[in-house]
Amino acid sequence: MTHEEIMEKLTEIFRDVFDDEEICLSDDTTANDIDGWESLEHINLVEAVEHEFGMKFRMQEVSGMKNVGEMARIVRSRITDTPEKKKRGLFRR
Amino acid sequence: MIPELQYPFDSNELLKKRRKLKKALLEDGTQRIKKRIAVLGGSTTNDIVSMLELFLLQEGIEPAFYQSEYAQYWQDAMFDPPELTTFQPELIFIHTSQRNITEAPLPLNSSEETVQAALERQMSHFTQMWEHLAERYHCPVIQNNFELPSYRLLGNRDAYDCHGMVWFVSELNRRFAVYAASHTDFYLHDIHYLSARYGLDAWSDPSYWYLYKYSLCVPAIPEFAYSLTRIIRSIYGKTKKVLALDLDNTLWGGVIGDDGQEGIVIGQETAEAEAFTEMQEYCKSLGQLGVLLTVCSKNDRENALLGLNHPDSVLHENDFVFMAANWEPKDQNLTKTAEALSLLPESFVFVDDNPAEREIVSVQLPGVAAPPFASPAECIRVLDGAGYFEAALFSEADTKRMDMYRANIQRTHMEKSYASYTEYLLGLEMQAEIQDFTALALPRIVQLTNKSNQFNLTTRRYTQSEMAQIAASDKYIRLYGRLKDKFGDNGIVSVVIGEIAGKTLHMELWLMSCRVLKRHMEYAMLDELIAQCRRRSMETICGYYYQTDKNHMVRELYRDFGFTLKEQFENGDSTWVLDIGDYTPKNHVIHVNQTEKEHTGNDT
């Protein structure tokens, strides 16, 4: 998956999580640029991204990412390296 | 109603789209009851609250929340912070977990007495809190029991050695269960079961604790919130009552009309037959718990009966209160069934293997639950996981409900053979017991009060402790009414509460079960109420009608009672007055309070 494709998918996720169809992401987008992106909402965002791409952020990455571009780069490295598919039983569809 | 929130749901979608879903729920025009819910957390509760909010809105409950500061559950519960006191919670949920166990594990060399003492200390940490909350807020309290630990220092020995954490948690959970079983208005949220069902490894993924101080993994939060919703909706009387079952390929394999009695799959002979047999057993057990079973099948009636008369069939014709076996559209059959039982379609769960039938029912009757499933085994799991019939308040009457509805249908047959309606009513040989609340009757009074929607003038809901307070106060005139006739005992079917203000009685509650509509029971209740008022030399009664989208049938009830309309409001509400002096008794068909001794003390 290219960086651009990942950014496109991230845009959809952001739009869902923040319920705002106007959101357009660039590499430089940070929490300051998006209404409602604070620590509580960040949890849901991280969850949604992990679920969409079937990967996991490392703990230090969750709070350490400086912008969306970095998020996309981490996603890309994780899914091309070792796809860590999560398996969580019955409720995980 | 939002399809995405129907069980089984996609947890990830709910977490991702919760803002959109909340907006959609709030804009759908549903009338909801408002409830103030305090969430006292021993770990982070934010997403739990936001998911709970979605599920409650879906159930017709609009919550306002109080959330304690991070992990301050005990302080909030014990020291009455002004924010919580002024919030006046109507329900309190305490969110604790493994992470809040403070007295264990103990060093391996601790004596058994030391361990027991630690267990008692841990337990009383919670009981103190429950007692304080009950006394202070008089409202239902729900608390989680404990999930099992995510690792076991002693391995398998952890389960039976008193130094093991598995042992400690199991003991604590057992004590929680004993407390819950012996206290009204305390409800246990069984996350011990829920976490096991979800998968403990995933549930207790510690990264969620390290990162966000969540005691369970975020993807499990929708399941958690839904499970909690099951308890809350049952407290507020929003559980389902009827299981409407398709026959072909739902209760047995094959099509009875094509395959004949010997051709359908049921019994113990094949794997598939066993699955259908277990499905029938599950439904039969629900029936024994008081869920009403009905048939909703596209079949000739004779063929439907042929299937149910199969020697291996677990369910028989008399397990069903109503059979709709014909070729009409199923939504229409469900509507007819609901009318025959005097229930609303929204109290129905419709089980059909055919997605097209589920679709037409969901579209035509959005309140009916029509869960999807692919096999009989999955069907049991879905019905069970959805918890449609979960009863936090379980009264003995539930188990007899089937007989009561059957007796009702017999009464309908009899009605047709009488020349006049009054003659029919007299022929029923009705006897009523109408009296002040008793401790024995209280659970049923609370249950009936919280689930009556149609014949209900004010639709006020009460918790067990609120009702107990009213029962103990001299500011009220209270009556419950129970009705029997020659076909059977209907149990407690009517509740009336009036608040005394000088010479006037203000009717706070007037409700009746729709099972006994048009039996003049409401007149018998009114006669008795007036008699009680006269004994206290009261002069007037004020009646209130608060309109909801379900109680239109009683809009004119007070007029029928002989009250005068005092005020009519734009929203449909109205107030009424009656001068007691002019009143002449209205009931001439029910014998009141003449029951022989055989029934005293026997409460159903």
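Residues numbered from 1 in each chain as written. Chains lettered and ligands numbered in written order. Predicted model: local features only at pLDDT ≥ 70, side-chain atom pairs only at ≥ 80, totals over all residues.

Asks: Before we move on, can you summarise the overall build of chain A with the specific residues and values?
Replies: Looking only at helices and strands, chain A has four helices and zero strands in total. Ordering the α and β elements of chain A from the N terminus gives α-α-α-α. Considering chain A as a whole, with its 93 residues, one finds that 27% of them fall into the buried category. (Helix = DSSP H or I, 4+ residues; strand = E, 2+ residues; numbered from the N terminus. Buried ≥ 20, exposed ≤ 12 C-beta atoms within 10 Å, placed from the backbone.)

Asks: So what about the packing of helix H20 (residues 442-451) of chain B against helix H21 (residues 464-472) of chain B? Which residues, and what values?
Replies: Residues and elements named next belong to chain B. Taken N-terminus to C-terminus, the directions of H20 and H21 make an angle of 120 degrees; their axes are 10 Å apart at the nearest point. With respect to H21, the axis of H20 lies oblique. By crossing handedness, the relation of H20 to H21 is classed as right-handed. Touching Leu442, Ile445 and Val446 of H20 are Gln464, Met467, Ala468 and Ala471, all from H21. Each residue belonging to the contact of H20 with H21 can be placed in one class, and the counts come to six nonpolar, one polar and no charged. (Axes fitted to C-alpha atoms, helices over the stretch in contact; angles between N-to-C directions. Parallel < 35°, antiparallel > 145°, perpendicular 65-115°, else oblique. Left-handed = near helix turned anticlockwise from the far one by under 90°. Contact = placed C-beta atoms within 7 Å. Nonpolar A, V, L, I, M, F, W, Y, C, P; charged D, E, K, R; others polar.)

Asks: Describe the packing of helix H1 (residues 3-17) of chain A against helix H2 (residues 39-53) of chain A, with residues and values.
Replies: Residue and element names in this part refer to chain A. Where H1 meets H2, the axes come as close as 10 Å, and the angle between the chain directions of the two elements is 140 degrees. As judged from the angle between their axes, H1 and H2 are oblique. The element H1 and its partner H2 pack so that their crossing is right-handed. Listed contacts from H2 to Lys9, Leu10, Ile13, Asp16 and Val17 of H1 are Glu41, Asn44, Leu45, Ala48, Val49 and Glu52. Partitioning the contact of H1 with H2 into residue classes produces six nonpolar, one polar and four charged.

Asks: Residues and numbers for the nonpolar core, please.
Replies: With 71 residues, the main nonpolar core has Leu10(A), Ile92(B) and Ala225(B) as its most contacted residues. Counting residues per element, this core draws most heavily on helix H3 (residues 46-58) of chain B, which supplies eight residues. Beyond its immediate chain neighbours, meaning those up to four positions away, Ala225(B) contacts Ile48(B), Met51(B), Leu52(B) and Phe55(B). (Core = buried A, V, L, I, M, F, W, Y, C linked by C-beta atoms within 7 Å.)

Asks: Can you explain the interface of chain B and chain A? Please cite residues and give values.
Replies: Counting from both sides, the interface comprises 20 residues of chain B and, opposite them, 15 residues of chain A. At the level of elements, helix H1 (11-16), helix H2 (18-26), H3 and helix H10 (207-212) of chain B are the ones that each hand at least two residues to the side of chain B that touches chain A. Residues belonging to the side of chain B that touches chain A are distributed by class as follows: eight nonpolar, five polar and seven charged.

Asks: Tell me what's going on with the sheet that holds strand E6 (residues 242-245) of chain B, and back it up with residues and numbers.
Replies: Residues and elements named next belong to chain B. With respect to topology, four strands assemble into an open sheet ordered E8-E7-E6-E9, the strand pairing being parallel. Whereas interior strands pair on both sides, the edge strands pair on one side only; in this sheet they are strand E8 (322-326) and strand E9 (348-351). Averaged over all neighbouring strand pairs, the angle between strand axes comes to 20 degrees, with direction disregarded. In this structure, strand E7 (residues 292-298) lies alongside E8, joined through five bridges in parallel fashion. Looking across to E8, one finds that Ser297 is bridged to Ala325. (Pairing = 2+ DSSP bridges.)

Asks: Just give me the short version of the confidence of the model for chain B, but keep the residues and values in it.
Replies: All names here are of chain B. Here chain B shows a mean pLDDT of 92. Residues at 70 or above account for 96%. Note that pLDDT drops below 50 for residues 597-604; the model gives that stretch seven contacts with residues more than four away or on any other chain. Across the assembled chains, the prediction reports ipTM 0.82 with pTM 0.76. (pLDDT = per-residue confidence, 0-100.)

Asks: Report on the pairing of strand E5 (residues 186-189) of chain B, specifying residues and quantitative values.
Replies: All names here are of chain B. Across four bridges, strand E4 (residues 141-144) lies against E5 in parallel orientation. Across the sheet, the residue bridging to Gln143 is Leu188, located in E5. Note on the crossover from E4 through helix H7 (residues 165-182) to E5: the handedness is right-handed. (Right-handed = clockwise from strand over helix to strand, strands pointing away.)

Asks: Any details on helix H13 (residues 271-288) of chain B? Residues and values, ideally.
Replies: Residue and element names in this part refer to chain B. Taking 1.5 Å of rise per residue, 18 residues should cover 26 Å, and H13 covers 26 Å from first to last C-alpha, within 8% of that figure. Taken as a whole, H13 has its buried residues at Phe276, Thr277, Met279, Gln280 and Cys283. Taken down its axis, H13 places every buried residue within 155 degrees of arc, on the same side. Turned more than 90 degrees from where H13 packs its buried face, Ala271, Ser285 and Gln288 sit exposed. (Expected span 1.5 Å × (residues − 1). Arc of directions from axis to C-beta.)

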